[in-house]
Amino acid sequence: MKSNFLKEKVCHEQDADAKIKQMKQKANDEAVQCLVEHTQKISGENKLLRKELLMLIRRSQALTEHKLELQNQGKALVREHQITKDLKKLRKIHVEDITV
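Visitor: Is there a simple way to explain the overall build of the chain in this structure?
Guide: In terms of regular secondary structure, the chain is built from one helix and zero strands. Its C-alpha atoms give the chain a radius of gyration of 42 Å, clearly above 13 Å, the size a compact globule of 100 residues would have. Counting all 100 residues of the chain, 0% fall into the buried class. For the chain, the accessible area works out to roughly 10,000 Å², and carbon and sulfur atoms hold 61% of it. A gap of 3 Å separates the mean positions of the 21 positive and 15 negative side-chain charges of the chain.

Encoded structure:
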């Protein structure tokens, strides 16, 4: 009787150990799968973010170039305006000299 009890106890312990081992393996497999999926998701997001960043860098470069062009145009307009003012002054002086 004691021998049967010990055999059953050992058998139950082995079953329990096997179930625990199986559960650990299943949990490990699920964790690995979860990590793989998460890694793939992050990799996909990183690709999209990289693409968006490159687009924003190009846009920033284009805007910087446009800004420089506008600044140069503004300087040219200021020079033209100054030349126009100077010409008006010279004409006025010239007209005054002629009439005097």
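Continuing now.
Visitor: What is the right way to look at the environment of D86 in this model?
Guide: Of note, D86 is situated in helix α1 (residues 2-99). For D86, a relative accessible area of 34% corresponds to the partly exposed category.

So, how was this worked out
All residue numbers here refer to positions counted from 1 along the written sequence of the relevant chain. Per-residue local features of the predicted model are confined to residues with pLDDT of at least 70, and side-chain atom pairs are confined, for both listing and counting, to 80 or more; whole-chain, interface and lining totals are unaffected and use all residues. In computing side-chain properties, one takes all heavy atoms of the structure into account and sets aside hydrogens as well as water. Each helix is a run of H or I in the DSSP string that is no shorter than four residues. Each strand is a run of E no shorter than two, and both are numbered from the N terminus. Here the globule rule reads 2.2 Å times residues to the power 0.38, and the radius of gyration is calculated from C-alpha atoms. Residue burial is assigned from relative accessible area. The probe radius is 1.4 Å, only protein chains are included, and a residue is buried under 20% of its type maximum, exposed over 50%, and partly exposed in between. All accessible areas in this document rest on Shrake-Rupley with a 1.4 Å probe, and a residue is counted as covered only by the protein chains that are shown. The charge count includes Lys and Arg as positive and Asp and Glu as negative, but it does not include His or the ends of the chains. To locate a charge, take atom NZ for lysine, CZ for arginine, CG for aspartate or CD for glutamate.

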